[in-house]
Amino acid sequence: MTKSANTMWGGRFAAGPDAIMEAINASIGYDRRLAPQDIAGSRAHAAMLAATGIITDTDAEAIREGLLTVLSEIETGDFPFSAALEDIHMNVEARLRDTIGESAGRLHTARSRNDQVAVDFRLWVRDQCDQADEALAALCKALVAQAEAGADWVMPGFTHLQTAQPVTWGHHMLAYVEMFARDRSRFADARKRMNTSPLGAAALAGTSFPIDREMTAKALGFDRPMANSLDAVSDRDFALEFLAASSICAMHLSRLAEELVIWSSAQFRFVKMSDKWSTGSSIMPQKRNPDAAELIRAKIGRIFGANVALMTVMKGLPLAYSKDMQEDKEQTFDAADNLMLALAAMTGMVGDMTAQREKLKAAASSGFSTATDLADWLVRELGLPFREAHHVTGSLVALAEGKGCDLPDLTLADMQGVHAGIRADVFDVLGVENSVASRTSFGGTAPSQVMAQVAHWKEILK
């Protein structure tokens, strides 16, 4: 057996410890996607250095043109990325030096990689908040369209996945609009809080050069510079807030995905999924599998995991910057990618799915779903205390179960045998359409309330 050239470290790194250090230290394999933000930050910094007289206008112009050349190379796939240069910042700076020469060395005046990466990453996460908001708005529009189409379609409402009371399809769709609207507000709130600039904090203590941090903040679309240089280079709250908002949004997506899986099953048949979002079986020709919904449900774990991972990275770090913080990006990138993919897939599924109105109504009409309506009628019409009405209704449900029928199928004589005061007009509240139509309280399931909320959301989302 040939002895490994690197017995201590194993065969994976035949070149020895230097190769291992390069592998663990380099981030260019994933942080290259920060190139647009890195170049935007560098252009703003160079313009400020010239405006304050720290570098000459000639150098600033050369840097500006060189950076545009570098960006073009990256966008066209012609950029020579190098792991030996560790990260996107050093790769861009080295290429800039190759392109314009000595002037490139003046770009890093009054700046550190610590504030440079902080501004790049913050800009990238800010962009993701905007993209998440757009994707959520599209999903909400698809849900509102479903709600409007089925505003008066009756379906069972569940608690504990047991039939509870009739609701409308439109009402159920709008419940998710409320959830995803809260997600939009969380991303907007996080974006507002993160919109401060770390650029100019340098390594950790600021700089002795007469820089203009207000100028660079404004150029990059920030509200203001961060007020403490230690905090500026060591803060990753903006990424954590993005991941927290993403995790809550992902949880909502998973709940909807779970319902689509259940509803599209042969046992429910509440919805029919488009062929675009379903697959067949390799062995069972009758199958229509809701794979897109199942994959959304599974991918959510990656988003949760990224949130926990970054919290774990940050929990033990003293001020200011530590190399641990290099681990802030890869999982944030992955979480953002999977969130956007899940949102797009869910929007497609919601837009294409077909609710099966008759199946929904049939399910709503079974399982004693109007039992609460009966109890309310006993309170309202006969003046019974609710607890007594609850007991009478329970006895009627037991009677119907024994007869193998539902409440509306009982005769008036059957009902009067349990309580003599019940009148024939009790049957007016036992139909599922009557039940949902009666729920006219604000936020209720009545079609009139659903259409009012549809109009409300269409105005917001237009």
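To start, this report covers the structure provided alongside it. Quick caveat: nothing in here was measured; it's all calculated off a predicted structure.

### Focus: the overall build of the protein chain
Now for step 1: A tally of regular secondary structure across the protein chain gives 18 helices and 6 strands.
Now for step 2: On C-alpha atoms alone, the protein chain measures out to a radius of gyration of 31 Å, which is more than a quarter above the 23 Å that the 2.2 N^0.38 rule sets for 462 residues.
Now for step 3: Expressed along its principal axes, the backbone C-alpha trace of the protein chain runs to roughly 100 × 65 × 40 Å.
Now for step 4: Burial status across the protein chain gives 48% buried among its 462 residues.
Now for step 5: Summarising the internal contacts of the protein chain: among those between residues at least 6 apart in sequence, 73% fall at separations of at least 24.
Now for step 6: As displayed, the protein chain has an accessible area near 21800 Å², and 54% of this comes from carbon and sulfur atoms.
Now for step 7: When the 46 basic and 59 acidic side-chain charges of the protein chain are each reduced to a single mean position, those positions are 2 Å apart.

### So, the packing of helix H6 (residues 113–149) against helix H18 (residues 447–461)
Now for step 1: Here H6 crosses H18 at 150°, and the two axes come no closer than 10 Å. Classified by the interaxial angle, the pair formed by H6 and H18 is roughly antiparallel. In the packing of H6 onto H18, the handedness of the crossing is left-handed. Across from Ala137, Cys140, Lys141, Val144, Ala147 and Glu148 in H6, the residues of H18 making contact are Val450, Met451, Val454, Trp457, Lys458 and Leu461.
Now for step 2: Across the contact of H6 with H18, the residue classes tally to 9 nonpolar, no polar and 3 charged.

### Some remarks on the pairing of strand E2 (residues 162–168)
Now for step 1: Relative to E2, strand E1 (residues 154–159) runs antiparallel, the two sharing 6 bridges. Paired with glycine 157 across the two strands is glutamine 165, which belongs to E2.
Now for step 2: With antiparallel pairing between neighbouring strands as the criterion, E1 and E2 make up a hairpin whose turn holds 2 residues, including histidine 160 at a positive phi of roughly 60°.

### So, the environment of alanine 147
Now for step 1: For alanine 147, the position within the fold is in helix H6.
Now for step 2: Accessibility expressed as a relative area gives 0% for alanine 147, which makes it buried.
Now for step 3: Once the C-alpha coordinates of alanine 147 and methionine 173 are considered, the two residues, 26 residues apart in sequence, prove to be 5.4 Å apart.
Now for step 4: In contact with alanine 147, other than residues within four places in its own chain, are Gly170, Met173, Leu174, Val450 and Val454.

### Some details on the side chain of aspartate 31
Now for step 1: Along the chain, the position of aspartate 31 falls in helix H2 (residues 28–31).
Now for step 2: No salt bridge is formed by the buried aspartate 31, whose closest oppositely charged neighbour, lysine 329, lies at an N-O distance of 5.6 Å.
Now for step 3: Side-chain polar atoms of aspartate 31 contact the side chain of serine 27, separated by 2.5 Å.
Now for step 4: Discounting chain neighbours no more than four positions away, the residues touching aspartate 31 are Asp87, Ile88, Lys329 and Phe333.

### Concerning the nonpolar core
Now for step 1: Trp169, Leu253 and Met346 are the most contacted members of the largest nonpolar core, which has 98 residues in total.
Now for step 2: The contacts of leucine 253, once residues within four sequence positions are left out, are Leu139, Phe180, Ile296, Ile300, Leu339, Ala342, Leu343 and Met346.
Now for step 3: Membership of the second largest hydrophobic core comes to 19 residues, among which are Trp377, Leu378, Leu384 and Val392.

### Digging into the pattern of salt bridges
Now for step 1: Tallied over the full model, the rule gives 28 salt bridges.
Now for step 2: Between arginine 439 and aspartate 376 there is a salt bridge whose closest N-O contact spans 3.6 Å. Here the residue arginine 439 occupies a position in the loop between helix H17 (432–438) and H18, and aspartate 376 occupies one in helix H14 (residues 371–382), the gap between them amounting to 63 residues.
Now for step 3: The class of aspartate 376 is partly exposed, set by a relative accessible area of 25%.
Now for step 4: A cluster of three or more residues bridged by salt bridges with shared partners is formed by Arg380, Glu381, Arg423 and Asp425.

### A word on helix H4 (residues 57–76)
Now for step 1: A rise of 1.5 Å per residue sets the reference length of H4, with its 20 residues, at 28 Å; its end C-alpha atoms lie 29 Å apart and thus fit the reference within 8%.
Now for step 2: Among the residues of H4, Asp59, Ala60, Ile63, Gly66, Leu67, Val70, Leu71, Glu73 and Ile74 are the ones counted as buried. Buried positions in H4, seen along its axis, are confined to an arc of 155° and lie on one side of it. For H4, the exposed residues lying more than 90 degrees away from the buried face are Asp57, Thr58, Glu75 and Thr76.
Now for step 3: Of the surrounding elements, those touching the buried residues of H4 are helix H3 (35–51) and helix H5 (88–100).
Now for step 4: Trailing H4 by a residue or two, glycine 77 shows a phi angle of about 80°, which is positive.

### Some thoughts on a nonpolar patch on the surface
Now for step 1: A surface patch of nonpolar side chains, about 270 Å² in accessible area, is lined by Leu204, Leu230 and Leu319.
Now for step 2: Turning to its location among the elements, leucine 319 is positioned in the loop between helix H11 (291–314) and helix H12 (330–352).
Now for step 3: Look at leucine 319 and you get exposed, because its relative accessible area is 63%.

### What to know about the environment of alanine 293
Now for step 1: As for its placement among the helices and strands, alanine 293 is situated in helix H11.
Now for step 2: By relative accessible area, alanine 293 is classed as buried at 0%.
Now for step 3: In this structure, the C-alpha to C-alpha distance between alanine 293 and glycine 367, residues 74 residues apart in sequence, is 27 Å.
Now for step 4: Once residues within four sequence positions are removed from consideration, alanine 293 is found in contact with Ala257, Leu260, Val261 and Met349.

What counts, and at which threshold
- Residues numbered from 1 in each chain as written.
- Predicted model: local features only at pLDDT ≥ 70, side-chain atom pairs only at ≥ 80, totals over all residues.
- Heavy atoms only, no water.
- Helix = DSSP H or I, 4+ residues; strand = E, 2+ residues; numbered from the N terminus.
- Rg over C-alpha atoms; globule rule 2.2 N^0.38 Å.
- Buried < 20%, exposed > 50% of the residue type's maximum accessible area, 1.4 Å probe, protein only.
- Contact = heavy atoms within 4.5 Å.
- Areas by Shrake-Rupley, 256 points an atom, 1.4 Å probe, with all protein chains shown as cover.
- Lys, Arg positive; Asp, Glu negative; His and termini not counted.
- Charge placed at Lys NZ, Arg CZ, Asp CG, Glu CD.
- Axes fitted to C-alpha atoms, helices over the stretch in contact; angles between N-to-C directions.
- Parallel < 35°, antiparallel > 145°, perpendicular 65-115°, else oblique.
- Left-handed = near helix turned anticlockwise from the far one by under 90°.
- Nonpolar A, V, L, I, M, F, W, Y, C, P; charged D, E, K, R; others polar.
- Pairing = 2+ DSSP bridges.
- Salt bridge = Lys/Arg side-chain N within 4 Å of Asp/Glu carboxyl O.
- Polar contact = N/O pair within 3.5 Å; in protein donor to acceptor, adjacent residues only side chain to side chain.
- Core = buried A, V, L, I, M, F, W, Y, C linked by side-chain atoms within 4.5 Å.
- Expected span 1.5 Å × (residues − 1).
- Arc of directions from axis to C-beta.
- Patch = residues over 30% accessible without salt bridge, like charges linked within 9 Å, V, L, I, M, F, W, Y side chains within 5 Å.

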